[in-house]
Structure formats: structure tokens, C-alpha cells
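# What the coordinates show
This is what each chain is made of:
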Amino acid sequence: MPPFRLGLLILLATLVLDQASKLWLYFGTDLVLTQPWRLTAFTDVVVVWNRGISYGLFQQDGGLGRWILVAVSVAASIGMIVWMRRASSMLLAAALGLIAGGAIGNAIDRAAYGAVFDFVHLHAGAWSWYVFNIADAAIVAGVVGLLIDSLIPVRRPRDGASSGGP
């Protein structure tokens, strides 16, 4: 399978899992009325509407900010797909697919609801991590994949004819 095809499959899988989980939790359960749902001693399922970006930065209460964030997400996703088209490694294509799929998933939320639906809350004692969703987790995993890919040396074929050798 070519890297681009793998990247597209991962993008689509990420987008479907993200949107399906959000739609099911919000519309298919009574989570809004019965939250938090305790999954483990350190994990709850809750409803949080994030009008900003990661970690709740740059909160946007107005319509203009919302649409700017949608536009930035769409532009970044297009850039990732173009980059994915040129990817020579499966890891790079997969990482780009995760990031683009997550960005599109969050952009859909922002366009449809004015905010991103986050629902996984990790905590331990008084310590609390931010609330996130599958799209956010995919973006983080994709960034980790990009970092790992950047550390792998590029292998170039040895070709005596092109190097001027015998």
C-alpha cells in the first residue's frame, strides 16, 4: 500500500471514530444529565465545550473567532494532505493522516456547534489534565509520529552512476 493511501485511510478512520464518539455520547446517551461518568479512579467522561484551541487557549466567544479557527483547521488539514501526498514513509503518512483527521473532526464541531466537544477527563488526586477527545488524541499521536519520523535517517540509494564513481 502506498504511503498516501495509508495516510488517507488513517485520516478517514480518525474522522469517523471522532465524530461517531461525539455524536453517540452527546445525542445517544444521557451523559449531559448524569455526568461525570467515572471510568477509572483517574478517568471520567464529561461534557466540555471548548471554544478555544488546545488547553483552552484563545477562547472565542464571537462568531468571527469561531470561523477563523475553522478556516485555520481546514487550511492546516489541506497542507497536511498535500504533504501526505509527497510522503515517502508510511510513518510520515500515518502521522499526517492522524493530524489532518483530528483537525477536520474538531473543525466540524466548531462549524456545527460553535465549539469543540471534549469528553475525556484525566485526573489524579488534586491534579487535573485538560479534557480532550479522540481528535485531540490523534493530533498528539500524529505530532509524536512526526517527531519520530524526523529522527529516522533518510536512506538514499547508492548509485555509482549518479555519484560519478566506477
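Residues numbered from 1 in each chain as written. Predicted model: local features only at pLDDT ≥ 70, side-chain atom pairs only at ≥ 80, totals over all residues. Heavy atoms only, no water.

### Concerning the overall build of the chain
For clarity, the cut-off: What counts as a helix is a DSSP run of H or I of at least four residues, what counts as a strand is a run of E of at least two, and both are numbered from the N terminus. Per-residue accessibility, obtained with a 1.4 Å probe over protein chains only, is compared with the maximum for each type, and a residue is labelled buried under 20%, exposed over 50%, and partly exposed between these values. Contacts between residues were defined by any pair of non-hydrogen atoms, one from each residue, lying within 4.5 Å. Methods summary: accessible areas were calculated by the Shrake-Rupley approach with a probe of 1.4 Å, and residue burial reflects only the protein chains presented.
Within the chain, the secondary structure is distributed over six helices and four strands. From first element to last, N terminus to C terminus, the chain shows the α and β order α-α-β-β-α-α-β-β-α-α. A burial count over the chain gives 38% of its 166 residues as buried. If you take every contact in the chain between residues at least 6 apart in sequence, the share linking residues at least 24 apart comes to 65%. For the chain, the exposed surface amounts to about 9900 Å²; the carbon and sulfur share of it is 69%.

### Topic: empty space enclosed by the protein
Quick reminder of the rule: Put plainly, a pocket is an open set of points on a 1 Å grid over the protein atoms alone with protein on both sides within 12 Å along at least five of seven lines, a cavity is a set where a 1.4 Å probe fits but cannot get out, and a lining residue has an atom within 4 Å of a point. Grid points are joined across faces, edges and corners, and a volume is the space filled by probe spheres set on the points. Think of it as three bins: nonpolar holds Ala, Val, Leu, Ile, Met, Phe, Trp, Tyr, Cys and Pro, charged holds Asp, Glu, Lys and Arg, and polar takes everything else, Gly as well.
Across all of its chains, the model carries one cavity of 30 Å³ or more by this definition. A volume near 50 Å³ is recorded for the largest cavity. Looking at the largest cavity, the residues that line it are Gln19, Lys22, Leu23, Tyr26, Phe27, Trp49, Asp109, Tyr113 and Phe117. The residue inventory of the lining of the largest cavity, partitioned by class, reads six nonpolar, one polar and two charged.

### Description of the packing of aromatic side chains
This is how the line gets drawn: Aromatic pairs are defined between Phe, Tyr and Trp rings, using the six-membered ring for Trp, whenever the two ring centres lie within 6.5 Å; interplanar angles under 30 degrees are classed as stacked, those over 60 as edge-to-face, and all others as tilted.
Taken as a whole and assessed by the stated rule, the structure comprises nine aromatic pairs. With a centroid separation of 5.0 Å and 85° between ring planes, the pair formed by Tyr26 and Phe27 is classed as edge-to-face. Ring centres of Tyr26 and Phe117 lie 5.5 Å apart, and the angle between their planes is 65°; this geometry places the pair in the edge-to-face category. Residue Tyr26 is located in helix α1 (residues 3-27), and its partner Phe117 is located in strand β3 (residues 116-124); the two are separated by 91 residues in the primary sequence. When its relative accessible area of 2% is taken as the criterion, Phe117 is described as buried.

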